[in-house]
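Chain residues, written in single-letter form:
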Amino acid sequence: MAPTVGLKRSGTTQTIAVPPPPQDARFAVREAVRSTIATPPPAEAPGAPARVAPAPALEGFLCLEEVDGRRWKYVVDEAPGKGKGGRGGSAVPLGASVRAVPLQSPLPPAEEIMAFVRSYVVPEGFPDSVTPSYVPYMTWRALKHFFGGAMGVFTTRTLLSSVGVSQSKVTPGAIAINWILKDGAGRVGKMLFARQGKKFDNDLKQLRFSSDLLLEIGAGIELATAAFPQFFLPMACVANVVKNVAAVTSTSTRTPIYKAYARGENIGDVTAKGESVGNIADLLGTGLSIYITKRNPSLVTSFALLSCGYLMSSYQEVRSVVLNTLNRARFTVAVDSFIKTGYVPSLKEGNSQETLFIHPWRHEPVAIGSRFGEAFQEPVSFVATRPLFEDERYMVTYNPTKDKVYALLKDQAKPDDVLKAAFHAHVLLHFINASHARKRMNTNRSDHYANLHPRNMDFLAHIAESCKLVSASYGTFKKKAREQGWIMSESLLNPGKARLCVRGLQ
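Rules and cut-offs
Residues numbered from 1 in each chain as written. Predicted model: local features only at pLDDT ≥ 70, side-chain atom pairs only at ≥ 80, totals over all residues. Heavy atoms only, no water. UniProt positions renumbered as here; feature names shortened; annotations may be inferred. Axes fitted to C-alpha atoms, helices over the stretch in contact; angles between N-to-C directions. Helix = DSSP H or I, 4+ residues; strand = E, 2+ residues; numbered from the N terminus. Parallel < 35°, antiparallel > 145°, perpendicular 65-115°, else oblique. Left-handed = near helix turned anticlockwise from the far one by under 90°. Contact = heavy atoms within 4.5 Å. Expected span 1.5 Å × (residues − 1). Buried < 20%, exposed > 50% of the residue type's maximum accessible area, 1.4 Å probe, protein only. Polar contact = N/O pair within 3.5 Å; in protein donor to acceptor, adjacent residues only side chain to side chain. Patch = residues over 30% accessible without salt bridge, like charges linked within 9 Å, V, L, I, M, F, W, Y side chains within 5 Å. Areas by Shrake-Rupley, 256 points an atom, 1.4 Å probe, with all protein chains shown as cover. Salt bridge = Lys/Arg side-chain N within 4 Å of Asp/Glu carboxyl O. Pairing = 2+ DSSP bridges. Phe/Tyr/Trp six-rings, centres within 6.5 Å; stacked < 30°, edge-to-face > 60°. Bend = angle between axes of the 7 residues up to and from the residue.

- The chain is annotated in an unreviewed UniProt entry as Protein root UVB sensitive 6 from Brachypodium distachyon.
- Its UniProt record gives the chain a comment under Sequence similarities (unreviewed entry), which states: "Belongs to the RUS1 family."

Have a look at this one:
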């Protein structure tokens, strides 16, 4: 309160309040806090609900924590010589610290080592973070890299011997030039093969296995330089071109495969752990091969054994990949199963029945997005077939001279139209094959065709029959395929670029 001063004036006393001197702001706050602490709490009115006091903390206990299934308890660790009851009645002693107490016994050393190794070879959250087929894929991948690492020791040793490292009469400059030319040829091959484009996405399993075949062919050529050291440069260049083509194929198909195994946004973690497994297996194979080469084993025997192991592991590795997209091979499996049984195979069944090795001279019975001249051999067959596909954005026909079904796409064709055209082509192929089978039972097929020279028109009835079946069953096929987990919104059928102009057909 402000002090008062009494003034006396002609018999009358008057009291005047004098304002206090200005105080510092911090002093005012401190005085306010002191007055608040010193003021006792107001007495509660009778009958009023009792105020709930905060629950006191357990004796020294703070909280629990869980990390990867293991639990810790955090407690207050009193400082020595400090008593309880800090300033203001605090329940935590002055100078106390926090101590973590494990609630389970420490892991044995073997389990500690396994946990350390697991952090390098499996993604976080394993096995829930990846698909079930991840384990067999990584098992075969590790085995493949083991054989590949062992093979690398033999090829490197052979190349160094063939180029003349062990021969004193060869100058280091010549050796370096030959080695640089060899590597340069390999880079050129890698660059040229990159033009394959979408084939790396459409047929990645087929290309992946083919790349491993090329890798073994390149290793074989490198080992052959030991028998023909005078031809080291051309043979080494060819081998390096082949191996670099295999390398760019393997690299391009790696990410889509890892993506198929990732659940959620962990593609980076899955890729990193997959490469770590491959490197570990490669190092183990390299170490074993170094130990074996000290005994000078036969190159031919070593190459045969290691190549067989490598290719077997590669085949099983690619076979274990389960993809939910439909390329031509998996689409053929799905449609053939649906036509014959009315059943669309599951993802695992469809991928296991997929053809992995497609040699260049293999006859493909179905072509999608073909040019007009390849499909029709006479104008009358086109004129007769066109009305059957007035309401479709594609046309399907059969050319007996090439023994192939062609699906021609119109310029308004959408992805679903491409899928339907491919489905229609396989349905027509089923009718054609059934017709051929019946004719073979009645007469010799070669004599029959040699005498009659069949044309497109001869199979117009089969085309009309296939149109009815496709109209009734295509929707059912798509529905059953979706139920099995196949992605139908986009396909990897890789159709040709030719399109029929609708305005020109009117």
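Picking up after the structure, the text goes on.
### Describing the packing of helix 10 (residues 328-341) against helix 16 (residues 460-483)
Angle between the axes and distance between the axes: these two values describe a pair of packed helices.
Inference 1: Here helix 10 crosses helix 16 at 120°, and the two axes come no closer than 11 Å. With respect to helix 16, the axis of helix 10 lies oblique. Between helix 10 and helix 16 lies a crossing of right-handed hand. Of the residues in helix 16, those in contact with Phe331, Ala334, Val335 and Phe338 of helix 10 are Ser473, Thr476, Phe477 and Lys480.

### Describing helix 10
Inference 1: Here helix 10 spans 20 Å end to end across 14 residues, near enough to the 20 Å set by a 1.5 Å rise per residue.
Inference 2: Of the residues making up helix 10, those classed as buried are Ala329, Arg330, Phe331, Val333, Ala334, Val335, Ser337 and Phe338.
Inference 3: Where the residues of helix 10 are buried, they touch helix 6 (204-224), helix 11 (347-352), helix 14 (415-442) and helix 16.
Inference 4: Glycine 342 sits one or two positions beyond helix 10 and adopts a positive phi of about 75°.

### What about the side chain of threonine 385?
Inference 1: Considering the arrangement of structural elements, one finds threonine 385 in helix 13 (residues 379-385).
Inference 2: Only 2.7 Å separates the side chain of threonine 385 from the backbone oxygen of serine 381, close enough to count as a polar contact.
Inference 3: Setting aside anything within four residues of it in sequence, one finds threonine 385 in contact with Phe376, Met395, Val396, Leu460 and Ile463.

### Some words on a nonpolar patch on the surface
Inference 1: Where nonpolar side chains cluster on the molecular surface, the patch consists of Ile113, Phe116, Val117 and Tyr120 and spans about 420 Å² of accessible area.
Inference 2: Secondary-structure assignment places tyrosine 120 in helix 2 (residues 109-121).
Inference 3: Since its relative accessible area comes to 47%, tyrosine 120 is described here as partly exposed.

### Describing the pairing of strand 7 (residues 394-399)
Regular strands place side chains that alternate from one sheet face to the opposite one.
Inference 1: Across the six residues that make up strand 7, a large majority, six, are buried.
Inference 2: Neither face of strand 7 is exposed, since Tyr394, Val396 and Tyr398 on one face and Met395, Thr397 and Asn399 on the opposite face are all buried.
Inference 3: The pairing of strand 7 with strand 8 (residues 404-409) spans six bridges and is antiparallel. By the bridge assignment, valine 396 is partnered in strand 8 with alanine 407.

### Considerations on the pairing of strand 8
Inference 1: In terms of burial, strand 8 is largely enclosed, as five of its six residues are buried.
Inference 2: Where strand 6 (residues 366-368) meets strand 8, three bridges bridge the pair, whose relative direction is parallel. Pairing of isoleucine 368 across the sheet is with alanine 407, part of strand 8.
Inference 3: The turn linking strand 7 back onto strand 8 is made up of four residues, and aspartate 403 within it adopts a positive phi angle of 50°.

### Describing the sheet that holds strand 8
Inference 1: Here three strands make up an open sheet; going across it, the order is 6-8-7 and the pairing mixed. Of all the strands in the sheet, just strand 6 and strand 7 have a single pairing partner and so form its edges. Each strand of the sheet is rotated relative to its neighbour by a mean of 15°, with strand direction disregarded.
Inference 2: Along the sheet face, helix 14 touches strand 6, strand 7 and strand 8 and points at about 25° away from the line of strand 7.

### Considerations on unusual backbone geometry
Inference 1: Omega for the bond connecting phenylalanine 126 with proline 127 falls within 30 degrees of zero, at 5°, which places this linkage in the cis form.
Inference 2: The phi torsion at asparagine 296 lies on the positive side, around 50°, for a residue other than glycine.
Inference 3: Looking at the secondary structure, you find asparagine 296 in the loop between helix 8 (267-293) and helix 9 (299-319).
Inference 4: Positive phi values are uncommon outside glycine, yet asparagine 494 reaches one of about 55°.
Inference 5: Tracing the backbone shows asparagine 494 in the loop between helix 16 and helix 17 (502-505).
Inference 6: Under the relative-accessibility criterion, asparagine 494 is labelled partly exposed at 33%.

### Quick look at the environment of isoleucine 339
Inference 1: Here isoleucine 339 lies in helix 10.
Inference 2: Filtering out sequence-adjacent residues up to four positions away, isoleucine 339 remains in contact with His426, Val427 and His430.

### A short note on the packing of aromatic side chains
Inference 1: Going through the model one piece at a time under the given rule, you end up with 17 aromatic pairs.
Inference 2: Their ring planes at 75° and their centres at 5.9 Å tell us that tyrosine 134 and tyrosine 261 sit as a pair that is edge-to-face. Highlighted residues: tyrosine 134 in helix 3 (residues 134-163) and tyrosine 261 in helix 7 (residues 232-261), separated in sequence by 127 residues.
Inference 3: Residue tyrosine 134 is classed as buried on the basis of its relative accessible area, which comes to 2%.
Inference 4: Taking the relative accessible area as the measure of exposure, tyrosine 261 reaches 0% and is therefore buried.
Inference 5: In textbook terms, an aromatic cluster arises when at least three aromatic residues are bridged by ring pairs, as seen for Phe126, Tyr134, Tyr137, Tyr258 and Tyr261.

### A short note on helix 16
Inference 1: Helix length check: helix 16 (24 residues) gives 34 Å between terminal C-alpha atoms against 34 Å at 1.5 Å per residue, within 8%.
Inference 2: A bend of about 45° at serine 473 is the largest found in helix 16.
Inference 3: Looking at the buried residues of helix 16, the elements they touch are helix 10, helix 13, strand 7 and helix 14.
Inference 4: Backbone geometry just downstream of helix 16 places glycine 485 in the positive-phi region, at approximately 100°.

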